[in-house]
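Letter by letter, the chains look like this.
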Amino acid sequence: MSDTDKITWIIGDIHGMYDPLAALVSHLDNERLAKFVFVGDYIDHGPSSKEVLDLVMGLGDRAIPLMGNHEHLLLQTLYDARHREHFGKRIWLENGAQSTITSFGCKSFEEFEAKIDEKYTGFLRGLKLFHVEPLLSGEANLNVLITHAGVMLRVSLAEQLAANNYADFNQLITKERIWIEDSSVWIREDFFGGNPDHWKGHLIIHGHTPTHLLDYFAKDFPIDAERHFLFLRKHPQNETVVSIGLDTGAAFGNRLTALGVAQDQLRGDTVPKLTLYVAQLDIKRGYYRQQPITLSTLTVPCNVA
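Computed from a prediction, not measured in an experiment: that's the story for all the values here. (Residues numbered from 1 in each chain as written. Predicted model: local features only at pLDDT ≥ 70, side-chain atom pairs only at ≥ 80, totals over all residues. Heavy atoms only, no water.)

Asker: Lay out the overall build of the protein with the relevant residues and their values.
Answerer: Looking only at helices and strands, the protein has twelve helices and twelve strands in total. Computed over the C-alpha atoms, the radius of gyration of the protein is 19 Å, within 12% of the 19 Å expected from 2.2 N^0.38 for a compact globule of 305 residues. Projected onto the principal axes, the alpha-carbon positions of the protein cover approximately 55 × 45 × 35 Å. Evaluated residue by residue, the protein yields a buried proportion of 56% over its 305 residues. Within the protein, contacts between residues at least 6 apart in sequence are counted, and of these 70% link residues at least 24 apart. Carbon and sulfur atoms form 49% of the exposed surface of the protein, whose accessible area is close to 13300 Å². (Helix = DSSP H or I, 4+ residues; strand = E, 2+ residues; numbered from the N terminus. Rg over C-alpha atoms; globule rule 2.2 N^0.38 Å. Buried < 20%, exposed > 50% of the residue type's maximum accessible area, 1.4 Å probe, protein only. Contact = heavy atoms within 4.5 Å. Areas by Shrake-Rupley, 256 points an atom, 1.4 Å probe, with all protein chains shown as cover.)

Here it is as structure tokens:
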């Protein structure tokens, strides 16, 4: 099997849902696997945040884990003096922290802060914000850009991609005076409504906004509810797809989704089309350990450089 046949699987928001994640990873971890890329939000809400972190960390160099807003919020709550001064532990607790604290065998934030092992906080501090998979088809170049929530329109893409960890990211948004909810780990409306020419030549795959809540966050952008419950955003001036949201609401009892990207699935020159593999575990159908994982494909026209 050549490298062009191998699949990079991009996995959406997990939020402590260990059993669906373990089933999905086990199913996809075969001879066609190139690597896993995780869009972040491993923790909070669901019952098994520690187990999810252990699984992702245990994949080693077979995985590229990215930072989500919940990991960033945990780190802010533990280490950011300004954040602690203004908000203390309240913001994290309001965003599902207690389930994470409990999964680590602790009863309170204070106990969690005192006992959490450095291997977890060190892992979280080192998470990247972006990963790029370059694809080629004839004269066409397409970069599949994977991130948690989206890209910031006020900052060049090159500057954003240069932020390699928690410290770099904080330095960037401080320098640019960007409020955390307008940053690439929290952004919603500004990204959904922004000009996609800002990231021309890239197809962005992101999580963060559960697709069943898009009526609230992005009323003008319907989801592909007929097939995959993905958020396919098209360029306002043509039919190319410029971003795909794959947070299909695992923490809400809906679906855990993985999108597969392979080099040999980009075809065409002027307006090439990319065929993505789609793997989903539908939690709503019943007890998910016994539910089959559905495999299908999705072909989208791309906005290439």
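Asker: Any chance you could break down a negative patch on the surface for me, citing the residues and the numbers?
Answerer: On the surface, Glu-181, Asp-182, Glu-189 and Asp-190 cluster together into a patch of negative charge. On the secondary structure map, Glu-189 appears in helix H11 (residues 189–192). In this structure Glu-189 comes out as partly exposed when scored by relative accessible area, which is 46%. (Patch = residues over 30% accessible without salt bridge, like charges linked within 9 Å, V, L, I, M, F, W, Y side chains within 5 Å. Salt bridge = Lys/Arg side-chain N within 4 Å of Asp/Glu carboxyl O. Lys, Arg positive; Asp, Glu negative; His and termini not counted. Charge placed at Lys NZ, Arg CZ, Asp CG, Glu CD.)

Asker: Please set out the environment of Arg-188 residue by residue, giving values where relevant.
Answerer: Along the polypeptide, Arg-188 turns up in the loop between helix H10 (166–175) and H11. Taking the C-alpha atoms as reference points, Arg-188 and Ile-283, separated by 95 residues in sequence, lie 25 Å from one another. Of note is the side chain of Arg-188, whose polar atom sits 3.1 Å from the backbone oxygen of His-208. (Polar contact = N/O pair within 3.5 Å; in protein donor to acceptor, adjacent residues only side chain to side chain.)

Asker: How would you sum up the pattern of salt bridges? Please name residues and give values.
Answerer: Inspection of every chain in the model, using the stated rule, returns eleven salt bridges. Here Arg-90 and Glu-94 are joined by a salt bridge, their closest N and O atoms 3.2 Å apart. Of this pair, Arg-90 and Glu-94 both sit in helix H5 (residues 90–94), four residues apart, which is roughly one turn of that helix. The exposure class assigned to Glu-94 is exposed, which follows from its relative accessible area of 52%. Residues participating in the shared-partner salt-bridge network are Glu-159, Lys-175 and Glu-176.

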